[in-house]
Amino acid sequence: MTTVRQPQPTRQSPAGWSPATERRLRVIAPITVGLIGLVTWQFLVSVVGVSDYLLPSPAAIAQQFAEFGGAIWQAALITGTNALLGLVVGTVLAILLAALASRWRAVDGMSAPIVASLAVVPIVALAPVLNSMFGADSQFGRQAIAALASFVPVFLNTLRGLRQTRPVHRDLMRSYAATGAQAFRTVTLPTALPYLLTGVRIASSLAVISALVAEYFGGPRGGLGSAISTSAATSAYARAWAYVVAAIVVGLIFYLATALAERIVLRRIPVGGVR
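Residues numbered from 1 in each chain as written. Predicted model: local features only at pLDDT ≥ 70, side-chain atom pairs only at ≥ 80, totals over all residues. Heavy atoms only, no water.

Draft legend 1. Spatial organisation of the side chain of Thr 258. Take Thr 258: it is sitting in helix α10 (residues 237-268). Only 3.0 Å separates the side chain of Thr 258 from the backbone oxygen of Phe 254, close enough to count as a polar contact. For Thr 258, the side chain forms a polar contact with the main-chain oxygen of Tyr 255, separated by 2.8 Å. When residues no more than four places from it in sequence are discounted, the contact partners of Thr 258 are Val 200, Arg 201 and Ser 204. (Helix = DSSP H or I, 4+ residues; strand = E, 2+ residues; numbered from the N terminus. Polar contact = N/O pair within 3.5 Å; in protein donor to acceptor, adjacent residues only side chain to side chain. Contact = heavy atoms within 4.5 Å.)

Below you can see the structure in the form of structure tokens.
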């Protein structure tokens, strides 16, 4: 007897849209909102008469992009490098300390006030201090600030993830006579992986913002923050906004890259530990 398999119904969204329509809307909707925002912006400057020093027009900003594209690219490269190094160093240190804190209660108790202090450190006050400490020709102060900003969300999320392993899973690994390293690799790390990746995704934006703030408040020449400060001081407002747009692009690149890495890793590596 041949069994006839019934076709599966197509999944519909609550609004009645098909998955293909939802995917198209995810792309079309933000583009439409962005275009409406740009048209409104241009209207306010050209027709309403908003002053350039308050809000330069998109056309003027685009002109500055075309005229100073090389300088903008070089500044974005410096800022991106500082943010990337800070993100990598802060992430590595956060993972190591979170692993120690989840393993030993004493380390957890000692690290808690330190992490709480780092979470409330004002970057505006810290940036000039570190820039003065490491000299006018060193980018280390900016990279250190980006690392500090990245450290806190990665540490907190990783520590929470490492504590999500169920006792029954640990007991199961002990019954298998698994070593600590095997249990960590097989159960603890897969369970903590989504939390860790979420922390990195959050830290990616914070690293860029922190690097920009550190560049804005002194240190060596170069970087988007320094360029924004210099352009605004010389009344080149459209050029300052062009550097701001470049900073937004750098932040989006960091965020999208970490979000894409998170999606790829979670698809290829089983998460959740033993089931």
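Draft legend 2. A nonpolar patch on the surface, seen in detail. A grouping of Leu 84, Val 88, Val 89, Val 92, Leu 93 and Leu 96 is seen on the molecular surface, where their side chains present a nonpolar patch of about 520 Å² in accessible area. In this structure, Leu 93 sits in helix α3 (residues 69-103). (Patch = residues over 30% accessible without salt bridge, like charges linked within 9 Å, V, L, I, M, F, W, Y side chains within 5 Å. Areas by Shrake-Rupley, 256 points an atom, 1.4 Å probe, with all protein chains shown as cover. Salt bridge = Lys/Arg side-chain N within 4 Å of Asp/Glu carboxyl O.)

Draft legend 3. Region of the structure containing the confidence of the model for the chain. Here the chain averages 81 in pLDDT, while 82% of its residues score no lower than 70. Of all the helices and strands in the chain, helix α7 (residues 167-175) carries the lowest mean pLDDT, 59, while α3 carries the highest, 92. (pLDDT = per-residue confidence, 0-100.)

Draft legend 4. Quick look at α10. Its 32 residues place the ends of α10 47 Å apart at the C-alpha level, agreeing with the 46 Å of an ideal helix rising 1.5 Å per residue. If you check which residues of α10 are buried, you get Ala 238, Ala 240, Ala 242, Tyr 243, Ala 246, Ala 247, Val 250, Gly 251, Phe 254, Thr 258 and Glu 262. (Expected span 1.5 Å × (residues − 1). Buried < 20%, exposed > 50% of the residue type's maximum accessible area, 1.4 Å probe, protein only.)

Draft legend 5. Main features of the layout of surface pockets. In this structure, the second largest pocket spans a volume of roughly 230 Å³. Lining the second largest pocket we find Phe 65, Gly 69, Ile 72, Trp 73, Ala 76, Leu 77, Gly 80, Ala 246, Val 249, Val 250, Ile 253 and Phe 254. Residue assignment for the lining of the second largest pocket shows that the elements contributing at least two residues are α3 and α10. Split by residue class, the lining of the second largest pocket holds 10 nonpolar, 2 polar and no charged. (1 Å grid on protein atoms, 1.4 Å probe; cavity = no way out; pocket = protein on both sides within 12 Å on 5 of 7 lines; lining within 4 Å. Points joined across faces, edges and corners; volume = space filled by probe spheres on them. Nonpolar A, V, L, I, M, F, W, Y, C, P; charged D, E, K, R; others polar.)

Draft legend 6. Structural context of the nonpolar core. In this structure, Phe 155, Leu 224 and Tyr 243 are the most contacted members of the largest nonpolar core, which totals 38 residues. Of all the secondary-structure elements, those providing two or more residues to this core are α1 (19-48), α3, α6 (140-162), α8 (180-216), α9 (224-233) and α10. Counting residues per element, this core draws most heavily on α8, at 10 residues. Beyond its immediate chain neighbours, meaning those up to four positions away, Leu 224 contacts Ile 72, Ala 75, Ala 76, Thr 79, Leu 212, Glu 215, Tyr 243, Ala 246, Ala 247 and Val 250. Leu 130, Ala 144, Ile 145 and Ala 214 belong to the second largest nonpolar core, which has 5 residues in total. (Core = buried A, V, L, I, M, F, W, Y, C linked by side-chain atoms within 4.5 Å.)

Draft legend 7. Focus on the packing of α1 against helix α2 (residues 58-67). Between α1 and α2, the shortest axis-to-axis distance is 8 Å and the interhelical angle comes to 105 degrees. By the angle between their axes, α1 is roughly perpendicular relative to α2. Between α1, through Leu 38, Trp 41 and Gln 42, and α2, the contact on the second element is made entirely by Pro 58, Ala 59 and Ile 61. For the contact of α1 with α2, a count of residues per class yields 5 nonpolar, 1 polar and no charged. (Axes fitted to C-alpha atoms, helices over the stretch in contact; angles between N-to-C directions. Parallel < 35°, antiparallel > 145°, perpendicular 65-115°, else oblique.)

Draft legend 8. Region of the structure containing the packing of aromatic side chains. Under the definition given, this model contains 4 aromatic pairs. For the ring pair Trp 41 and Trp 241, a centre distance of 5.6 Å and an interplane angle of 65 degrees mean the geometry is edge-to-face. On the criterion of sequence distance, the pair formed by Trp 41 in helix α1 and Trp 241 in helix α10 is long-range, its members being 200 residues apart. Among the residues examined, Trp 41 registers a relative accessible area of 19% and is labelled buried. (Phe/Tyr/Trp six-rings, centres within 6.5 Å; stacked < 30°, edge-to-face > 60°.)

Draft legend 9. Looking closely at unusual backbone geometry. Phi at Ser 235 is positive, roughly 65 degrees, even though this residue is not glycine. As for its placement among the helices and strands, Ser 235 is situated in the loop between α9 and α10.

Draft legend 10. Fine view of the environment of Thr 230. Tracing the chain through its elements places Thr 230 in helix α9. Each C-alpha atom, one on Thr 230 and one on Ala 240, is 8.0 Å from the other, the two residues being 10 residues apart in sequence.

Draft legend 11. Quick look at the environment of Gln 164. Position of Gln 164 among the secondary structure elements: in the loop between α6 and α7. Separated by 27 residues in the primary sequence, Gln 164 and Thr 191 place their C-alpha atoms 6.7 Å from one another.

Draft legend 12. Examining the side chain of Asn 157 more closely. Following the sequence through the fold, Asn 157 ends up in helix α6. By relative accessible area, Asn 157 is classed as buried at 18%. With residues near it in sequence (within four places) discarded, Asn 157 still touches Tyr 195, Thr 198, Gly 199 and Ile 202.

Draft legend 13. Molecular detail of helix α4 (residues 105-119). Taking 1.5 Å of rise per residue, 15 residues should cover 21 Å, and α4 covers 21 Å from first to last C-alpha, within 8% of that figure. The largest bend along α4 measures about 30 degrees and falls at Ser 111, with the proline Pro 113 one to four residues further on. (Bend = angle between axes of the 7 residues up to and from the residue.)

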